[in-house]
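Secondary and tertiary structure notes
The residues making up each chain are set out below.
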Amino acid sequence: MEFGYSEEQKMLDESIRRFVNSEVPLDRIRELVLEGTGYDEKIWSGLAELGVLGVLIPEEFGGAGMGFLDATIIQESLGYVVAPAPFLGTSIMAPTAILAAGSDDQKNKWLPEISSGNLKVGLGLTEVTGARENAGVSFSGGKANGKAMFVIDGECADGYILAAGKDTLVWVAAGAAGLTKTRLNTVDNTRGVVELVLDGVEAELIGTQGGEAAAVQKTVDAGRTALAADLLGTSQRMLERAVEYAKERKQFNRVIASFQGLKHTCADMAANLEPCRAMVWYAAHCQQEIADEATLLACQVKSHLSEVSTPIANDTTLVHGGMGFTDLMGLHFWFKRIGLSRQLLGSPEAVREEAAVLQGWVAA
Amino acid sequence: MDLSYGKEYDEYREEVRAFIKEHGHKSPDSSKQGNKPDAEDKAWQKLLIERGYAARIIPKEYGGYGGEADLLKSVIIDEEFDEAGVSKGLGGQGISMLVPTLLELGTDEQKEKWIKPTLEGEIFWAQGYSEPGAGSDLASLQTKAHVEDGKFVINGQKIWTSSAHFADMMFILVRTEPDAPKHKGISYLLLPMDTPGIEIRPLVTMTGEATFNEVFFEDVKVPTDQIVANRGEGWMVANATLKHERGMLGDPRQSSSLLHQVVELMKTEDVNGVKLMDSPIFRDRLLKLQGRVMAMQYNSMRLLSNDLSGNVELMPILVVKLIGTHLNQDICGLAIDALGELGVLYDDSKYLRNSGMWQTRYMFMLGLIIGGGTSHIQKNIISEHGLGMPREPKPQKTA
Ligand SMILES: Cc1cc2nc3c(=O)[nH]c(=O)nc-3n(C[C@H](O)[C@H](O)[C@H](O)COP(=O)(O)OP(=O)(O)OC[C@H]3O[C@@H](n4cnc5c(N)ncnc54)[C@H](O)[C@@H]3O)c2cc1C
């Protein structure tokens, strides 16, 4: 039995960490959040060079043919440095949808382009997980109509995969006639979330109409699991910064890390976060290998990581005192990324309710 | 138990209601705090003072209403103004902290000079306490002042100074007696912000606004009569002031008003066509928060009763800031979770709810969890002063 990373995965983890730590410094984040597109050419092409954009894409379609745990390893690192990169939508959710529902032609058309970094994809599944403002997309006769809110990685995308109801997936090209894109400003400017309004927009069915409920679910599960990995990375970095700061900052003639009250705050964060690591691994493993458990784990890992991360965001800020409340240390970029990840694809309560239904504890 | 305030007070309540009915429309938006008062604010403040709804017990000679101390009347004013959503007049650290301090410890001359214009909004104050090296351990502050030609000469730096970028004056703590023990070497001075040698650099907070500052002092000269109490007594004066600040942070009235806003939100918003209030999960979270708010409201009733009878109980006072600030943040957290993705919208985004206040408040409340004595410090105070536990021992000196 071996529960954890393989030798190859350890190497992947190391190389991606080396990349993000050198290529995504805080100064760059500061510039990029002003643009707020959730995208940076240099970071993206760097990831393409590392060959990780096609992590979930089989080699026959130009991908790296790796597994879901590899994908979450990468996502965790992106969360660790709050990288503005549309990896979640493009490299995790889009390939999951296309591989699950797409025809061979579609796979050949899109997957190699995704692998090479030429095609960025926004994902609009919010109406599956919780519709607001009467949003929702309908599809008939090759045209899509309606509204998709909170499209993940939508700001910089070249194309969109949208759910039309809970069982149909369509592709819409960016800039298509009748398509209106509006940026939705969230607290987290490291990611570009948009609203799409579709008025008779030409759309391409992925799979069959009304027959792709499983693919939609699989894509949501993949997104949630990856968001959990992102939260893991983001929270891990916050915890590290809290500990680093506490060991340096002096008050009352001693480092604040020597105060038991403050140690307990940090120990609580660490104790809650540590088991999350194994949970993310297992959830990622399920996405690929244990279909029966994939959805339950996706629900629980997303909501559990959210519950653990929120206090970490607050307490790490508290440990930094007034400094934490300022922009000076940039801590708030992590704080805000946690804030958005917590809500994307469903807030913890909403997602747990799905887990209850799934387990037959309550009727849908 | 007798919860009625008595007939006299029922009449007073009617009076307050009548005032609000007649004049309430002139009230500035009560949410627009933290800015320099404008003409509308000042006119409203003036009216409130005239009628005894602000600066009630401050003597007339200092610009107050000159009423007798009557806690119940003050409470009735608070209750009725809050209920009507009408502004209770000017706030800020000058009115809430400096004025009571001067009344307690200032000279007659200082009271005459500073209190009236402060109450009227003509002078806005900043609090210059914290320094880069002195936050929780405020008494270790290093900004120095020595006397030269009949003036204090200040050198050093303050940080996290709210409102310094538009304040007229600052009350500041400086070290004047470098050889005395740290708590005994501090003095409390008053100084105009346009004194030569002061440089103000705004600091942007996590919400993106620049509400506080770094303030640098280079040979800043202050007349020696602008000291409150004596040299070396500044720590004692500051504690008198801090006492007023701590009472302000975590006020259950604010929790209650936030809670009401979440109730309204959950009654009106829906997800997948279901009203949030119809979700048993969010409703239970709301009800739990209501329970916490109620506990703090009755806690403050108990404090009021103690104040009326002169009874002193420490614990119910010590918990207010810690519990209240976290409670307020949790209330905002529920609003955000209930709104889901809509809850993370910010700035001027489309679909913004309540002008985006839930995110800003959520972060702002974290600021209050940190400011004015962090939660760790509050817990130290509760355990040491409230529960009589010994202080954490000083680390052993290693040779
Ligand atoms: C929104 C805001 C407004 C403010 N406005 C003003 C103002 O107008 N004027 C002003 O003078 N100051 C102001 N402050 C400053 C505020 O009072 C300080 O930030 C606060 O006292 C904490 O000090 P610090 O930032 O140096 O943190 P530190 O004291 O360095 O604290 C860092 C961490 O160490 C912990 N810690 C410290 N000592 C102990 C201990 N003994 N036991 C356990 N843990 C400990 C703290 O809880 C915190 O988590 C403001 C702060 C904020 C956030």
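Please read all numbers here as calculations on a predicted model, not as lab measurements.

The subject of this paragraph is the overall build of chain A. Across its full length, chain A holds 13 helices and 10 strands. For chain A, the spread of C-alpha atoms along the principal axes amounts to about 75 × 45 × 45 Å. Scored against the burial criterion, the 364 residues of chain A give a buried share of 60%. Counting contacts in chain A only where the partners sit at least 6 residues apart, residues at least 24 apart contribute 74% of the total.

All names here are of chain B. Under the counting rule described, the total for this entry stands at 17 aromatic pairs over all chains. Between the aromatic rings of Tyr53 and Phe81, the centroid separation amounts to 5.7 Å while the plane-to-plane angle is 55°, which identifies the pairing as tilted. Here Phe81 lies in helix 3 (residues 71-84) and Tyr53 lies in the loop between helix 2 (39-51) and helix 3, a separation of 28 residues in the sequence. By relative accessible area, which is 0% here, Phe81 ends up buried.

Volume-wise, the second largest pocket comes out at about 870 Å³. In terms of lining, the second largest pocket is formed by 34 residues, of which the most central are Thr129, Ala350, Glu353 and Glu354 of chain A together with Asn272 of chain B. Elements that contribute at least two residues to the lining of the second largest pocket include exactly helix 7 (126-129), helix 8 (213-248) and helix 13 (348-358) of chain A together with strand 10 (274-275), helix 8 (280-309) and helix 9 (315-339) of chain B. The element contributing the most residues to the lining of the second largest pocket is helix 13 of chain A, with six residues. Of the residues that constitute the lining of the second largest pocket, the class distribution is 16 nonpolar, 10 polar and eight charged.

On to the interface of chain B and chain A, then. Listed per partner, the contact involves 51 residues of chain B and 51 residues of chain A. Carbon and sulfur atoms make up 60% of the area that chain B and chain A hide from each other, which totals about 4400 Å². Summed over the three residues of chain B that lose the most area to chain A, namely Met206, Glu341 and His376 of chain B, the buried surface amounts to 17% of that side. Linking chain B with chain A are five salt bridges, by the criterion used here. Between Arg254 of chain A and Glu392 of chain B there is a salt bridge, and its shortest N-O distance comes to 3.8 Å. Our count for the contact surface shared by chain B and chain A stands at 30 residue pairs in polar contact (both at pLDDT 80 or more). Where the side of chain B that touches chain A is concerned, the elements lending two or more residues are strand 9 (270-271), helix 8, helix 9, helix 10 (357-370) and helix 11 (375-386) of chain B. A total of eight residues in the side of chain B that touches chain A trace back to one element, the largest contributor, which is helix 10 of chain B. Of the residues that constitute the side of chain B that touches chain A, the class distribution is 27 nonpolar, 13 polar and 11 charged.

Once that is clear, we can look at the nonpolar core. In terms of nonpolar packing, the biggest core is built from 145 residues, with Leu47, Ile92, Ile161 and Leu169 of chain A together with Met266 and Trp358 of chain B touching the most fellow members. Take this core: its biggest share by element is 15 residues, from helix 8 of chain A. Among residues more than four places away in sequence, those in contact with Leu169 of chain A are Ala97, Ala101, Leu125, Ile161, Leu162, Ala163, Glu204, Leu205, Ile206, Ala215 and Val216 of chain A. Formed by 46 residues, the second largest nonpolar core is a distinct cluster that contains Tyr9, Phe19, Phe171 and Val237 of chain B.

For the rest of this paragraph, the subject is the domain arrangement of chain B. One widely used convention gives an interface's size as the accessible area the parts lose upon coming together. All names here are of chain B. Assigned domains of chain B: these are domain 1 (9-90), domain 2 (125-232) and domain 3 (250-386). Distance between the C-alpha centres of domain 1 and domain 3: 25 Å. On the side of domain 3, four residues touch domain 1, which itself brings seven residues to the contact. Both sides together, the interface formed by domain 1 and domain 3 hides about 490 Å², and carbon and sulfur atoms give 71% of it. On the domain 1 side of the interface with domain 3, the three residues burying the most area are Leu71, Leu72 and Val75, jointly 63% of the side's total. Applying the counting rule to domain 1 against domain 3 returns one salt bridge. In this structure, Asp82 and Arg253 form a salt bridge, with 3.7 Å as the shortest nitrogen-oxygen distance.

So, about the pattern of salt bridges. Within the structure shown, the criterion is met by 46 salt bridges over all chains. Between Arg224 of chain A and Glu354 of chain A there is a salt bridge, and its shortest N-O distance comes to 2.9 Å. In this pair, Arg224 of chain A sits in helix 8 while Glu354 of chain A sits in helix 13, placing the two residues 130 residues apart along the sequence. Within this structure, Glu307, Arg342, Glu349 and Arg352 of chain A together with Arg285 and Asp337 of chain B form a network of salt bridges that share partners.

Residue and element names in this part refer to chain A. Domain annotation of chain A identifies domain 1 (7-116), domain 2 (121-206) and domain 3 (213-358). Its C-alpha centre places domain 1 at a distance of 20 Å from the equivalent point of domain 3. Tallying the contact residues gives 24 residues for domain 1 and 30 residues for domain 3. Contact with domain 3 buries area across many residues of domain 1, yet Phe68, Glu76 and Tyr80 alone supply 28% of it, more than any other trio. Scanning the region where domain 1 abuts domain 3 turns up two salt bridges. The closest approach of N and O atoms between Asp327 and Arg30, which form a salt bridge, is 3.0 Å. For the pair domain 1 and domain 3, the interface holds 10 residue pairs in polar contact (both at pLDDT 80 or more). A per-element tally of the side of domain 1 that touches domain 3 places helix 4 (residues 68-80) first, with eight residues. Residue classes in the side of domain 1 that touches domain 3 are distributed as 17 nonpolar, five polar and two charged.

Residues and elements named next belong to chain B. Where like charges cluster on the molecular surface, the negative patch consists of Glu61, Asp108, Glu109, Glu112 and Asp225. Residue position: Glu109 is located in helix 5 (residues 108-119). We classify Glu109 as exposed; its relative accessible area is 59%.

What follows concerns the environment of Ile338 of chain A. All names here are of chain A. The residue Ile338 is located in helix 12 (residues 331-343) in this model. It is 7.5 Å that separates the C-alpha atoms of Ile338 and Ser306, two residues lying 32 residues apart in sequence. Every residue in contact with Ile338, bar those within four places of it in the chain, is listed here: Leu231, Thr234, Ser235, Met238, Ser309, Thr310 and Ala313.

Residue and element names in this part refer to chain A. It is the contact of helix 4 with helix 9 (residues 260-289), at a shortest axis distance of 8 Å, that shows an interaxial angle of 140°. When the axes of helix 4 and helix 9 are compared, the pair comes out oblique. The chirality of how helix 4 crosses helix 9 is right-handed. Residues Phe68, Leu69, Thr72 and Glu76 of helix 4 lie in contact with helix 9, whose contacting residues are Arg277, Val280, Trp281, Ala284, Gln287 and Gln288.

About the cut-offs
Residues numbered from 1 in each chain as written. Chains lettered and ligands numbered in written order. Predicted model: local features only at pLDDT ≥ 70, side-chain atom pairs only at ≥ 80, totals over all residues. Heavy atoms only, no water. Helix = DSSP H or I, 4+ residues; strand = E, 2+ residues; numbered from the N terminus. Buried < 20%, exposed > 50% of the residue type's maximum accessible area, 1.4 Å probe, protein only. Contact = heavy atoms within 4.5 Å. Phe/Tyr/Trp six-rings, centres within 6.5 Å; stacked < 30°, edge-to-face > 60°. 1 Å grid on protein atoms, 1.4 Å probe; cavity = no way out; pocket = protein on both sides within 12 Å on 5 of 7 lines; lining within 4 Å. Points joined across faces, edges and corners; volume = space filled by probe spheres on them. Nonpolar A, V, L, I, M, F, W, Y, C, P; charged D, E, K, R; others polar. Buried area = accessible area lost by both parts, 1.4 Å probe. Salt bridge = Lys/Arg side-chain N within 4 Å of Asp/Glu carboxyl O. Polar contact = N/O pair within 3.5 Å; in protein donor to acceptor, adjacent residues only side chain to side chain. Core = buried A, V, L, I, M, F, W, Y, C linked by side-chain atoms within 4.5 Å. Domains from an automatic or database assignment. Patch = residues over 30% accessible without salt bridge, like charges linked within 9 Å, V, L, I, M, F, W, Y side chains within 5 Å. Areas by Shrake-Rupley, 256 points an atom, 1.4 Å probe, with all protein chains shown as cover. Lys, Arg positive; Asp, Glu negative; His and termini not counted. Charge placed at Lys NZ, Arg CZ, Asp CG, Glu CD. Axes fitted to C-alpha atoms, helices over the stretch in contact; angles between N-to-C directions. Parallel < 35°, antiparallel > 145°, perpendicular 65-115°, else oblique. Left-handed = near helix turned anticlockwise from the far one by under 90°.

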